[in-house]
Amino acid sequence: MNSITKACSNYGFFQIVNHGVPLDLMNHALSLSKTFFAYPDEEKQKSSPGLSSPLPAGYSKQPENSADKNEYLLMFSPSSSFNVLPSNPCDFKEVLEEMFTHFGKVGELLESILNDCLGLPLNFLKEYNHDRSWDFMVAFRYYPATNTENNGISEHEDGNCITFVIQDEVGGLQVRKNGEWIPVIPAAGRIIVNISDVIQVLSNNKFKSAAHRVVRKTGRSRYSFAFFYNIQGDKWIEPLPQFTEEIGEPPKYKGFYYKDYQALRMRNKSHPPSRPEDVIHITHYAISS
């Protein structure tokens, strides 16, 4: 547990093994996603999002003018009515649902471990974050780099609680530490764990939400899955008293409703600011000291 505490405090990123997600399932999911993304657009667009979805569940691709160069398939819990899952390849839907279920269990396990690492009362985070309906999973394909640009996803921090990632052998995920970009080397069977903004705020910066990006490689597409262990939109987020008043530390963030922060982040995507410094990050809620 000390090594996880250290990783969360210093990097906000680490990798886990013996997590309970079968290696064969992860490999099969990556293989089927390659098959799906190789289909013509007409076939992929049969799984395009419904208009009423709170997030674009189903297949989407980044707009032509976006700095991010990828296409993706997003799903909520297998029981969600928002899902628009593909019927081809024939067993892709079942594999996606199985992956989601396994990732959800990993999320509950890691949440419990983080609870202990932070010294919180038993099951505090589980009871605080008991609604799993906002969790979602994304299968990504990043296009090969061109001669002029190689951005897959621009530098950012994740806005949720904990993110889990598996990537194929192409790699490309990088984490920023002390101004340097550190590549996350692909390793079969490992799941990458990324501490995200909600945990950073709750812990009053004790645990870090890591800045990361994806850099594309020439000649090859990159395939990955990301599972976003989330929190319900009406939840009030603010530094916990265990990390502020109980230890004589001022809060580093003002409180906010999670859905309001997500709306600001979605606007980053739908109406990208002309100046990079105008992109909304969790620092939007930071209290100046």
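Everything quoted here is computed from the prediction, not taken from an experiment.

Looking only at helices and strands, the protein features seven helices and 13 strands. Rg of the C-alpha trace for the protein: 19 Å, near the compact-globule value of 19 Å for 289 residues, within the 12% margin. Here the protein holds 289 residues, and 48% of them are scored as buried. When the 29 basic and 33 acidic side-chain charges of the protein are each reduced to a single mean position, those positions are 5 Å apart.

In this structure the tally under the stated criterion is 13 salt bridges. For Asp234, the salt bridge goes to Lys259, with nearest N and O atoms at 2.7 Å. With Asp234 in the loop between strand S11 (222-229) and strand S12 (236-237) and Lys259 in helix H7 (residues 258-270), this residue pair connects regions lying 25 residues apart in the sequence. A cluster of three or more residues bridged by salt bridges with shared partners is formed by Asp41, Lys44, Lys61, Glu71 and Arg141.

Quick look at the sheet that holds strand S10 (residues 212-215) now. One open sheet accounts for four strands, arranged S5-S10-S7-S8; its pairing is antiparallel. Of all the strands in the sheet, the pair left with one neighbour each is strand S5 (151-156) and strand S8 (180-183). Neighbour-to-neighbour, the strand axes of the sheet open up by a mean angle of 30°, direction not taken into account. As paired strands, strand S7 (residues 173-177) and S10 are joined by three bridges and run antiparallel to one another. Bridge assignment links Leu173 to a residue of S10, and that residue is Val214.

A full pass over the atoms with the stated rule returns two cavities of 30 Å³ or more. Lining the largest cavity are Glu111, Leu125, Tyr128, Asn129, Cys161, Ile162, Val198, Ile199, Leu202 and Ile231. Of all elements in the fold, only helix H5 (124-128) and helix H6 (197-202) reach the threshold of two or more residues within the lining of the largest cavity. Counting residues per element, the lining of the largest cavity draws most heavily on H6, at three residues. If you add up the space inside the second largest cavity, you get close to 30 Å³. At the level of secondary structure, the elements contributing two or more residues to the lining of the second largest cavity comprise strand S3 (70-75) and strand S4 (136-142). A class-by-class count of the residues in the lining of the second largest cavity yields seven nonpolar, no polar and no charged.

A separate point is the environment of Thr35. Within the fold, Thr35 resides in helix H2 (residues 23-37). For the pair formed by Thr35 and Phe14, sequence separation is 21 residues and the distance between their alpha carbons is 29 Å.

Take the nonpolar core next. Counting 60 residues, the largest nonpolar core has Phe14, Met99, Met137, Phe164, Phe225 and Ile237 as its most contacted members. When residues of this core are assigned to their parent elements, the largest contribution, 10 residues, is made by helix H4 (residues 92-117). The next biggest cluster of nonpolar side chains, apart from the first, holds 19 residues, and it includes Leu74, Val138, Val165 and Ala210.

Quick look at the sheet that holds strand S2 (residues 58-61) now. The sheet built from seven strands is open, its strands ordered S1-S9-S6-S11-S4-S3-S2 with antiparallel pairing. Because the sheet does not close on itself, it has two edges, and the strands there are strand S1 (13-16) and S2. Taken over all neighbouring pairs, the strand axes of this sheet differ in orientation by 25° on average, direction set aside. By the bridge criterion, six bridges tie S3 to S4 in an arrangement that is antiparallel. What sits directly across from Met75, in S4, is Met137. Where H2 meets the sheet, its contacts fall on S2, S3, S4, strand S6 (162-167), strand S9 (191-195) and S11, and the angle it forms with S11 comes to roughly 115°.

Before going further, it helps to spend a moment on the UniProt feature "domain: Fe2OG dioxygenase" (unreviewed entry) in the protein. UniProt tags residues 133-231 as "domain: Fe2OG dioxygenase" (unreviewed entry). Counted over residues 133-231, helix gives 6% and strand 45%. Its end C-alpha atoms are 8 Å apart.

Okay, the pairing of S7 next. Relative to S8, S7 runs antiparallel, the two sharing four bridges. By the bridge assignment, Arg176 is partnered in S8 with Trp181. In sequence, S7 turns back onto S8 through a hairpin of two residues, with Asn178 there showing a positive phi of about 55°.

Bringing the environment of Ser48 into the picture now. On the secondary structure map, Ser48 appears in the loop between helix H3 (41-44) and S2. Those residues in contact with Ser48 that sit more than four places away from it in its chain are Ala57, Tyr59 and Val84. A polar side-chain atom of Ser48 sits 2.9 Å from the main-chain carbonyl oxygen of Gln45.

Definitions and limits used
Residues numbered from 1 in each chain as written. Predicted model: local features only at pLDDT ≥ 70, side-chain atom pairs only at ≥ 80, totals over all residues. Heavy atoms only, no water. Helix = DSSP H or I, 4+ residues; strand = E, 2+ residues; numbered from the N terminus. Rg over C-alpha atoms; globule rule 2.2 N^0.38 Å. Buried < 20%, exposed > 50% of the residue type's maximum accessible area, 1.4 Å probe, protein only. Lys, Arg positive; Asp, Glu negative; His and termini not counted. Charge placed at Lys NZ, Arg CZ, Asp CG, Glu CD. Salt bridge = Lys/Arg side-chain N within 4 Å of Asp/Glu carboxyl O. Pairing = 2+ DSSP bridges. Axes fitted to C-alpha atoms, helices over the stretch in contact; angles between N-to-C directions. 1 Å grid on protein atoms, 1.4 Å probe; cavity = no way out; pocket = protein on both sides within 12 Å on 5 of 7 lines; lining within 4 Å. Points joined across faces, edges and corners; volume = space filled by probe spheres on them. Nonpolar A, V, L, I, M, F, W, Y, C, P; charged D, E, K, R; others polar. Core = buried A, V, L, I, M, F, W, Y, C linked by side-chain atoms within 4.5 Å. Contact = heavy atoms within 4.5 Å. UniProt positions renumbered as here; feature names shortened; annotations may be inferred. Polar contact = N/O pair within 3.5 Å; in protein donor to acceptor, adjacent residues only side chain to side chain.

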